[in-house]
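Observations on chain architecture
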Amino acid sequence: ETLLDPDFPTMARLLLALAALVAVVAADRCRMGSKSLYPPPANTTIQWVEIDLDKAPQDRWTEVVKPLAGNILQMIDQVVDLLPEKTRWELLNFTDKHAETICSNFPQPYGEEIIGISKATGIELSLLVLFNIAYEMEGLCTSVVAQDAQGSIFHARNLDFGLFLGWDKQNQTWSVAELLRPLLFNGRFMKGGQVLYTSTFYAGYVGLLTGMKKGAFSISVDTRFDNNLDRGLFQWLRGDHSGHFLTFTTRQAIENAPDYAAAFAMLNNTKLVGPAYIILGGVKAGEGAVFTREEALSLHPLLLTDRLKNGTFYVLETNYDWWVKPPFFDDRRFPAEDCLARVGSAGINFASLFNVLSARPNLNMLTTYTTLMHVATGEMEAYKQRCEYPCPLW
């Protein structure tokens, strides 16, 4: 049994089993306070930078990543050091030997971008490869696409990362989540002197976790766990490249799809490396969807048009299939639904969505940021988030 064996018991499976034993039951109710938390303090606002897509791929990220080389390396080292010893050495040994080949097999120009980041920072290419496939294996999030009373579409998300990746006893924090926050940026991705799209990203990571194309659509992704969580990843590493990495696919969609319908078709049908949830928002009334993805299949797409017929003005995704009740040890769905019911469609805006996502347990000790998007106007705001202990661990 080796790391590249698809039956290898991954950390994600083991950690989920552990979570079932140690977590406490969360109440199925909204914990949103009466006082608005929006706008949040100015020091939580995420800095904007420009990424020029007309530059050579190896040069696009240099100005962003070079000053943060030490921070990026510290974060990656923390993740690697916390992997089980057997997993760590087999994975590092494999990527050390094959990093350049792996990058050449990534959809281009993304592999070239990662090589450029390695050259700009001095960080080993193998480590940056691991960072750029990390979301295929781990992450916990909340995403919502909501329609207000006038038919305008809003998209908001929390990104949580670092479950069981190092608990800092002294500071009562998750180590990886703390190391990720200093790497946060909002990017204006430029093409021909114009903004092609905007995105919230971590320095050193070239995939798209959260993004918006003005007048067209918005995207966020949430991790999905199933019995085949990493089978496709191991198959890809072993040479089967028929599947596509999630956040490279979402970036290709936002760079190439001209509108919501084209993005819908691409994200619903592209074969992926592994399971995922993809949340898509649009411009027109009813444009919103949650794709529950297996490698080759899209299971029961959740459409805002269908939800509106049943009197619900939003689609919501945490990290569990929407037609299945979430587990008692990680119920963020029902508290968020309760909060949204309190807000109502007439109250949907950036302020109310920020307050919903700042209510525990959707805000938890893994939450690194909240992004708010309104595709019709092109408005996008993003804020670093932190839930001080005592707070839900996830």
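Predicted, not measured: the structure shown is a model, and the values here were computed from it.

1. Quick notes on the nonpolar core
Generally speaking, a soluble globular protein has its nonpolar side chains buried in company with each other. Core analysis: the biggest nonpolar cluster contains 78 residues, and I72, F106, Y135, Y202, F217 and I219 have the highest contact counts within it. In this structure, F313, F350, L357 and Y383 belong to the second largest nonpolar core, which totals 20 residues.

2. Structural notes on the side chain of D321
You can see D321 is positioned in the loop between β13 (314-317) and α12 (333-343). Once residues lying within four places of it in the same chain are set aside, the contact partners of D321 are R224, Y277, T292 and R333.

3. Digging into the state of the cysteines
Disulfides are covalent bonds that connect the sulfur atoms of two cysteines. Counted by the stated rule, this structure contains two disulfides. Paired through a disulfide, C387 and C391 show a sulfur-sulfur distance of 1.8 Å. Because the sign of the S-S torsion sets the handedness, a value of about 100 degrees for the bond joining C387 and C391 places this disulfide among the right-handed ones. Judged by its relative accessible area of 11%, C391 falls in the buried class. Within the protein chain, bonded cysteines paired by disulfides and numbered along the sequence follow the pattern 1-2, 3-4. In this model C141 remains outside any disulfide bridge; the closest cysteine sulfur is found in C391, 15 Å from its own.

4. Some remarks on a negative patch on the surface
Together, D77, D81, D96 and E124 make up a negatively charged patch on the protein surface. Following the sequence through the fold, E124 ends up in the loop between α5 (110-121) and α6 (125-132).

5. A closer look at the sheet that holds strand β14 (residues 367-374)
The strand order β13-β2-β3-β14-β15 describes an open sheet built from five strands, whose pairing is antiparallel. Each edge of the open sheet carries a strand with a single partner, namely β13 and β15 (379-384). On average, each strand axis in the sheet is inclined to that of its neighbour by 10 degrees, with strand direction left out of account. When β14 meets β15, the two strands line up antiparallel, connected through six bridges. Bridged to T370 within β15 is Y383. Packed on one face of the sheet, α12 meets β2 (140-147) and β13 and runs near 155 degrees to β13. Of the strands in this sheet, β2, β3 (153-160), β14 and β15 touch helix α13 (residues 350-357), which is tilted by about 155 degrees from β14.

6. Notes on α6
Most of α6 sits inside the fold, with eight of its eight residues counted as buried. Those residues of α6 not exposed but buried are L125, S126, L127, L128, V129, L130, F131 and N132.

7. Brief notes about α13
With seven of eight residues buried, α13 lies mostly within the body of the structure. Within α13, the full set of buried residues consists of F350, S352, L353, F354, N355, V356 and L357. For α13, the elements touching its buried residues are β2, β3, α12, β14 and β15. Where α13 begins, the side chain of N349 points an oxygen toward the backbone nitrogen of A351, at a separation of 3.0 Å.

About the criteria used
- Once a new chain begins, its residue numbering starts again from 1 and follows that chain's sequence as written.
- Given that the model is predicted, a residue must reach a pLDDT of at least 70 before its local features are reported, and side-chain atom pairs must reach 80 or more before they are shown or counted; all residues, however, enter totals for whole chains, interfaces and linings.
- The basis for every side-chain value is the complete set of heavy atoms in the structure, and neither hydrogens nor water enter the calculation.
- Within this scheme, the nonpolar core is defined by two criteria: the residues are buried Ala, Val, Leu, Ile, Met, Phe, Trp, Tyr or Cys, and they are joined through side-chain atoms within 4.5 Å.
- For each residue, the accessible area found with a 1.4 Å probe, counting protein chains only, is set against the maximum for its type, and the residue is called buried under 20%, exposed over 50%, and partly exposed in between.
- Working definition: helices are DSSP H or I runs of at least four residues, strands are E runs of at least two. Numbering for both runs from the N terminus.
- We call two residues in contact whenever any of their non-hydrogen atoms come within 4.5 Å of each other.
- The disulfide criterion used throughout: a pair of cysteine sulfur atoms within 2.5 Å.
- Patch building starts from residues that exceed 30% relative accessible area and form no salt bridge, then joins like charges within 9 Å and nonpolar side chains (Val, Leu, Ile, Met, Phe, Trp, Tyr) within 5 Å.
- Accessible areas in this description were obtained via Shrake-Rupley with a 1.4 Å probe; residue shielding takes into account the shown protein chains only.
- For this analysis, a salt bridge means a side-chain nitrogen from Lys or Arg found within 4 Å of a carboxyl oxygen belonging to Asp or Glu.
- Two residue types count as positive, namely Lys and Arg, and two as negative, namely Asp and Glu; His and chain ends fall outside the count.
- Where a charge sits is defined by one atom per residue type, namely NZ (Lys), CZ (Arg), CG (Asp) or CD (Glu).
- DSSP calls a pair of strands paired once it identifies at least 2 bridges connecting them.
- Interaxial angle, 0 to 180 degrees, is taken between N-to-C directions of lines fitted to C-alpha atoms, where a helix line uses only the stretch in contact.
- Within 3.5 Å is the distance limit for a polar contact, defined as a pair of N or O atoms, with the added protein rule that one can donate a hydrogen and the other accept it, and that residues adjacent in sequence qualify only through two side-chain atoms.

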